[in-house]
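# Structural description and commentary
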Amino acid sequence: MRELFWERYRLDELTNEEWEALCDGCGQCCLLKFHDDDSGELAVLNVACELLDIDSCRCGDYANRFARVPDCTQLTPARIDEFRWLPGSCAYRRLAEGRSLARWHPLISGDSRRMHRKGISVASFAVSQRDVPEADYDEHIIAILPIDG
């Protein structure tokens, strides 16, 4: 990877390896979300995709995630504006908004567990989709985000 690529290049100029390295491993994008077409709101649950290793906040089958989880969405530089629900701490969102990476980000700190210790990742509150019946999803809503409009 190129030195300080996140400071020197636009998101659409990054190599695939650099793009992937921007992921801080918080696991926020792996939480289940439901969009209400009528209200334009997005309900975020504390229920994580069945593939998420909640301790590490990494996908358990990243290479095959789209085949195994049809609803899995792929964040790309061209689609960054579609992901307005990303938390303000997210490296992709921060860079898209012209901000720098957070000091705890693994590319800056050299420590991939620092964000977990700071409580930024979902590791401290997420539960696996395998452990929650779909009928109980309403009980696991942790945020309602205004997305449209």
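Residues numbered from 1 in each chain as written. Predicted model: local features only at pLDDT ≥ 70, side-chain atom pairs only at ≥ 80, totals over all residues. Heavy atoms only, no water.

### Brief notes about the overall build of the chain
- If you tally the helices and strands in the chain, you get 6 helices and 6 strands.
- N-terminal to C-terminal, the α/β element order of the chain is α-α-β-β-β-β-α-α-α-α-β-β.
- Computed over its C-alpha atoms, the radius of gyration of the chain comes to 16 Å, within 12% of the 15 Å expected for a compact globule of 149 residues.
- Taking the principal axes of its C-alpha atoms as reference, the chain extends roughly 50 × 35 × 30 Å.
- When burial is assessed residue by residue, the chain has 38% of its 149 residues classed as buried.
- Pairs at least 24 apart in sequence give 57% of the contacts found in the chain among residues at least 6 apart.
- In the structure as shown, the chain presents an accessible area of about 8,900 Å², 46% of it carried by carbon and sulfur atoms.
- Charge centroids of the chain, computed over 18 positive and 27 negative side chains, lie 9 Å from each other. (Helix = DSSP H or I, 4+ residues; strand = E, 2+ residues; numbered from the N terminus. Rg over C-alpha atoms; globule rule 2.2 N^0.38 Å. Buried < 20%, exposed > 50% of the residue type's maximum accessible area, 1.4 Å probe, protein only. Contact = heavy atoms within 4.5 Å. Areas by Shrake-Rupley, 256 points an atom, 1.4 Å probe, with all protein chains shown as cover. Lys, Arg positive; Asp, Glu negative; His and termini not counted. Charge placed at Lys NZ, Arg CZ, Asp CG, Glu CD.)

### A closer look at the pattern of salt bridges
- Tallying each qualifying case throughout the model produces 9 salt bridges.
- Between aspartate 61 and arginine 68 there is a salt bridge; the shortest N-O distance is 2.9 Å.
- Arginine 68 sits in the partly exposed class, given a relative accessible area of 48%.
- Between aspartate 111 and arginine 117 there is a salt bridge, with the nearest N and O atoms lying 2.2 Å from each other.
- Residue aspartate 111 is classed as partly exposed on the basis of its relative accessible area of 22%.
- Looking at arginine 117, the relative accessible area reads 58%, which means it is exposed.
- Within this structure, Arg10, Asp12 and Glu13 form a network of salt bridges that share partners. (Salt bridge = Lys/Arg side-chain N within 4 Å of Asp/Glu carboxyl O.)

### Here we look at a negative patch on the surface
- A contiguous patch of negative charge on the surface is contributed by Asp36, Asp37, Asp38 and Glu41.
- Of the residues examined, aspartate 38 reaches a relative accessible area of 80% and is grouped as exposed. (Patch = residues over 30% accessible without salt bridge, like charges linked within 9 Å, V, L, I, M, F, W, Y side chains within 5 Å.)

### Some details on the nonpolar core
- Formed by 19 residues in total, the largest nonpolar core has its most connected members in Trp19, Leu22, Leu75, Leu86 and Tyr92.
- Every element with two or more residues in this core is listed here: helix H1 (5–8), helix H2 (16–21) and helix H4 (91–96).
- If one sorts the elements of this core by residue count, H4 sits on top with 3 residues.
- The residues touching leucine 86, leaving out its near neighbours within four places in the chain, are Cys29, Leu75, Ile80 and Arg93.
- Membership of the second largest hydrophobic core comes to 8 residues, among which are Leu31, Val44, Ala48 and Ile54. (Core = buried A, V, L, I, M, F, W, Y, C linked by side-chain atoms within 4.5 Å.)

### Thoughts on the side chain of histidine 105
- If you trace the backbone, histidine 105 turns up in the loop between H4 and helix H5 (106–109).
- For histidine 105, a relative accessible area of 1% puts it in the buried group.
- Separated by 2.7 Å, the side chain of histidine 105 and the backbone oxygen of leucine 22 make a polar contact.
- Not counting the four nearest positions on each side in its chain, histidine 105 is found in contact with Ala21, Leu22, Cys23, Asp24, Ala91 and Gly110. (Polar contact = N/O pair within 3.5 Å; in protein donor to acceptor, adjacent residues only side chain to side chain.)

### Points about unusual backbone geometry
- Non-glycine residue leucine 4 carries a positive phi angle of around 50 degrees.
- Accessibility expressed as a relative area gives 27% for leucine 4, which makes it partly exposed.
- Non-glycine residue cysteine 57 carries a positive phi angle of around 60 degrees.

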